[in-house]
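# Examination of the molecular architecture
Here is what each chain is made of, one letter per residue.
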Amino acid sequence: MNETEKSASREGPIVRLTGIRNCFGKTCVHEDLDLEIPAGRIVALVGGSGSGKTVLLRTLSLLREPNAGRVELFGRDVSDMGEEARRRLRRRIGLLFQGGALFTALTVLENVMLPIREHTRICGTWLEDLAMSKVLLAGLPADAAGKYPVELSGGMVKRAALARALALDPRLLVLDEPTSGLDPISAAAFDQLIRELSDSLGLTVLQATHDLDSIWRGSDLVAFLARKRVLAFEPAAALARRDEPELQAYFRGERSESYAKLAESSR
């Protein structure tokens, strides 16, 4: 067990969901869902379309109130928290939405400065310098800071959105389909960046994804959503050996098996 894992075991789970129910009218996408996310790990949230991956991300990020169940973040039960206390917890979560969700009228640097300006008293050159450090941390060249989202490639948009997600030094990074739409090389580079950030900054990462490369080689654990709950929570290789039909269909298909062989050969 390395030092990061030892620290994580002492700290306890960053996220603990217990008995979560999420419904839209009479249709429930989650029923009695439990999940614990250990500190310092990269977790892939996986499941078929309609399994409620984005809904679950919004629930644990305090952007959606569950219909039932308990949400604990950083060891604190949020059930009886007031709005101000919830806002303080949200600042410890960095969010990267599908498609990046950058403000198109703002430059990359201005996008990154926005949450810092809103939630801190940092201003002037200190604000710009801090925002620029996040741009560089996300792997963007310095000249990208002055560009608008429309001037960026798909991979650069994702990194700009990541820089904004890192703006307030979060402990938990939540990513919704971060490599969607990227070519294989850009997607692999993004996965490697997330690994480096997790290792160097001690970040816990939860990413909803369909990207087999991210699932097999870019994550430590996989939370598989099916039957309105977390059906299994293990490394991808362990899930591929299980007998549940949903897991067999997902992890024993021809494409997934080829990734399994690649993952095994790279060890």
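Residues numbered from 1 in each chain as written. Predicted model: local features only at pLDDT ≥ 70, side-chain atom pairs only at ≥ 80, totals over all residues. Heavy atoms only, no water.

Confidence along the chain averages 89 in pLDDT terms, with 90% of residues attaining 70 or more. When the elements of the chain are averaged for pLDDT, helix α1 (residues 3-11) gives the smallest value, 49, and strand β9 (residues 221-226) the largest, 97. Scored below 50 in pLDDT, residues 4-9 makes 5 contacts in the model with residues more than four places away or belonging to other chains. (pLDDT = per-residue confidence, 0-100. Helix = DSSP H or I, 4+ residues; strand = E, 2+ residues; numbered from the N terminus. Contact = heavy atoms within 4.5 Å.)

What follows is about the pairing of strand β8 (residues 204-208). With respect to burial, β8 is a largely interior element, 5 of its 5 residues being buried. The side-chain alternation of β8 yields two buried faces, one formed by T204, L206 and A208 and the other by V205 and Q207. In this sheet, β8 lies alongside strand β3 (residues 42-47) in parallel orientation, the contact comprising 4 bridges. For V43, the partnering residue across the bridge sits in β8 and is L206. When strand β7 (residues 172-176) meets β8, the two strands line up parallel, connected through 5 bridges. Counterpart to L173 in the pairing with β8 is V205. (Buried < 20%, exposed > 50% of the residue type's maximum accessible area, 1.4 Å probe, protein only. Pairing = 2+ DSSP bridges.)

Judged by nonpolar contacts, the single largest core of 32 residues is most densely connected at L162, L173, L175, I194 and V205. Looking at this core, the elements that each hand over two or more residues are α4 (108-119), α5 (124-137), α6 (154-165), β7 and α7 (184-201). Residue contributions to this core peak at 6 residues, all from α6. Setting aside residues no more than four positions away along its own chain, L173 makes contact with G94, L162, A165, L166, I194, L203, T204, V205 and L206. Listed in part, the 30 residues of the second largest apolar core include L45, L62, L89 and V174. (Core = buried A, V, L, I, M, F, W, Y, C linked by side-chain atoms within 4.5 Å.)

Attention shifts here to the sheet that holds strand β4 (residues 68-73). Through backbone hydrogen bonds, the strands of a sheet pair up, either in parallel or in antiparallel fashion. Spatially, 4 strands are ordered β2-β1-β4-β5 in an open sheet, and the strand pairing comes out antiparallel. The open sheet has two edge strands, β2 (27-38) and β5 (76-77), and neither has a second partner. Here strand β1 (residues 13-24) runs beside β4; their pairing, made up of 5 bridges, is antiparallel. Residue pairing in the sheet places V15 in a bridge with L73 of β4.

Our next topic: the packing of α4 against α6. For the pair α4 and α6, interaxial distance at closest approach is 8 Å and the crossing angle is 25 degrees. Classified by the angle their axes make, α4 and α6 are roughly parallel. The chirality of how α4 crosses α6 is right-handed. Across the interface between the two elements, V108, N111, V112 and P115 from α4 touch A160, A163 and R164 from α6. (Axes fitted to C-alpha atoms, helices over the stretch in contact; angles between N-to-C directions. Parallel < 35°, antiparallel > 145°, perpendicular 65-115°, else oblique. Left-handed = near helix turned anticlockwise from the far one by under 90°.)

Glancing now at the layout of surface pockets. Taken as a whole, the largest pocket encloses approximately 520 Å³ of empty space. Lining the largest pocket are 21 residues; nearest its centre among them are I93, L95, P115, H119 and L168. At the level of secondary structure, the elements contributing two or more residues to the lining of the largest pocket comprise α3 (83-90), β6 (93-96), α4 and α6. The element that contributes the greatest number of residues to the lining of the largest pocket is α4, accounting for 5 residues. Tallied by class, residues from the lining of the largest pocket come to 12 nonpolar, 4 polar and 5 charged. (1 Å grid on protein atoms, 1.4 Å probe; cavity = no way out; pocket = protein on both sides within 12 Å on 5 of 7 lines; lining within 4 Å. Points joined across faces, edges and corners; volume = space filled by probe spheres on them. Nonpolar A, V, L, I, M, F, W, Y, C, P; charged D, E, K, R; others polar.)

Mapping A208 onto the fold places it in strand β8. Expressed as a C-alpha distance, the spacing of A208 and Q98, which sit 110 residues apart in the sequence, is 9.8 Å. Setting aside residues no more than four positions away along its own chain, A208 makes contact with L45, K53, L57, L175, D176, E177 and P178.

As enumerated under the stated definition, the model contains 16 salt bridges in all. Its salt-bridge partner being E31, residue R21 comes within 3.1 Å of it at the nearest N-O pair. Linking R21 in strand β1 with E31 in strand β2, this pair joins segments that are 10 residues apart in sequence. A residue is classified by how much of its surface remains accessible, and E31, at 32% relative accessible area, is partly exposed. Here E72 ties to R70 by a salt bridge, and the two come within 3.2 Å at their closest N and O atoms. What makes E72 buried here is its relative accessible area of 12%. (Salt bridge = Lys/Arg side-chain N within 4 Å of Asp/Glu carboxyl O.)

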